[in-house]
Amino acid sequence: MLDCVELMAEKEKYTKHGVHKGMQGWICLDDNSNSTWLVNFPQCGEKDDVAEISVEEEDLKVIPVMNAAINEEIKTQFEDSEKSAKLLSGKPDDLSDDMI
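Residues numbered from 1 in each chain as written. Predicted model: local features only at pLDDT ≥ 70, side-chain atom pairs only at ≥ 80, totals over all residues. Heavy atoms only, no water.

A.B. asks: How should I be thinking about the nonpolar core in this particular structure?
C.D. replies: Soluble globular proteins: nonpolar side chains tend toward being buried together. Core analysis: the largest hydrophobic core is formed by 15 residues, its most contacted members being L7, V19, V39, F41, I53, V55 and L60. Put simply, the parts of the chain that give this core at least two residues each are β1 (4–7), β3 (36–41) and β4 (51–56). Among all residues touching V39, those that are not within four sequence positions of it are V5, G25, W26, I27, C28, A51, E52, I53, V55 and L60. (Core = buried A, V, L, I, M, F, W, Y, C linked by side-chain atoms within 4.5 Å. Buried < 20%, exposed > 50% of the residue type's maximum accessible area, 1.4 Å probe, protein only. Helix = DSSP H or I, 4+ residues; strand = E, 2+ residues; numbered from the N terminus. Contact = heavy atoms within 4.5 Å.)

Spelled out as structure tokens, the structure:
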């Protein structure tokens, strides 16, 4: 319990909660269930946590110290790439159909 861990896999079951490979967290409960651990992925300061989800043991690596700033950097990268993908896939949501 309270071990610091890093997520070593990029899987949809994690990304749908905003958790991506490389993010760091801590194990919340002392026991695992079905080879999964409840992991909290925090952000710095008073910001809401990224998520608190069950993660498969094989997808985690124990690390000596957790750095929540890494989670914020990874979160920003994915948010920026999603915005870019939306712009490239056609017209952004906020443009009207009016022609100029």
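A.B. asks: Mind showing me how you'd approach unusual backbone geometry here?
C.D. replies: Both trends apply: most residues other than glycine have a negative phi, and most peptide bonds are in trans. Even without glycine at this site, S35 takes up a positive phi of about 60°. Mapped onto the fold, S35 is located in the loop between β2 (24–27) and β3. Residue class for S35 comes out partly exposed when judged on its relative accessible area of 46%.

A.B. asks: Explain the pairing of β2 here, please?
C.D. replies: Walk down a regular strand and you will see the side chains alternate between the two sheet faces. Across three bridges, the pairing between β1 and β2 is antiparallel. Opposite C4, over in β2, you have W26 as the bridge partner. (Pairing = 2+ DSSP bridges.)

A.B. asks: Is there a simple way to think about the sheet that holds β1 in this case?
C.D. replies: Strand pairs in the sheet, formed through backbone hydrogen bonds, run parallel or antiparallel to each other. Spatial ordering of the open sheet is given by β4-β3-β2-β1-β5, a layout of five strands whose pairing is antiparallel. The open sheet is flanked by β4 and β5 (60–63), the only strands paired with a single partner. Adjacent strand axes in the sheet meet at a mean angle of 45°, parallel and antiparallel pairs treated alike. (Axes fitted to C-alpha atoms, helices over the stretch in contact; angles between N-to-C directions.)

A.B. asks: I keep staring at the side chain of D59 and nothing clicks. Help me out?
C.D. replies: Tracing the chain through its elements places D59 in the loop between β4 and β5. A polar side-chain atom of D59 sits 2.9 Å from a polar atom in the side chain of K11. (Polar contact = N/O pair within 3.5 Å; in protein donor to acceptor, adjacent residues only side chain to side chain.)

A.B. asks: What's the story with helix α2 (residues 68–88) in this structure? I'm lost.
C.D. replies: Since the α-helix advances by 3.6 residues per turn, residues separated by three or four positions end up pointing in the same direction. With 21 residues, α2 ought to run about 30 Å at 1.5 Å a step, and its terminal C-alpha atoms sit 31 Å apart, in line with that. Every buried residue of α2 is listed here: A68, N71, E72 and I74. Considered in projection along α2, the buried side chains sweep an arc of 165° and stay on one side of the axis. Relative to its buried face, α2 has exposed residues pointing more than 90 degrees away, namely E73, Q77, L87 and L88. (Expected span 1.5 Å × (residues − 1). Arc of directions from axis to C-beta.)

A.B. asks: How should the confidence of the model for the protein be read in this particular structure?
C.D. replies: Should the pLDDT be low somewhere, the predicted coordinates at that spot are not to be read in detail. Chain-level pLDDT for the protein is 87 on average; 88% of the residues reach the 70-or-more range. The element-level mean pLDDT for the protein is lowest in α2, coming to 84, with β1 highest at 98. (pLDDT = per-residue confidence, 0-100.)

A.B. asks: Is there a simple way to think about the environment of E6 in this case?
C.D. replies: On the secondary structure map, E6 appears in strand β1. Residues E6 and V62, 56 residues apart in the sequence, show an inter-C-alpha distance of 6.5 Å. Setting aside residues no more than four positions away along its own chain, E6 makes contact with G22, M23, Q24, D59, L60, K61 and I63.

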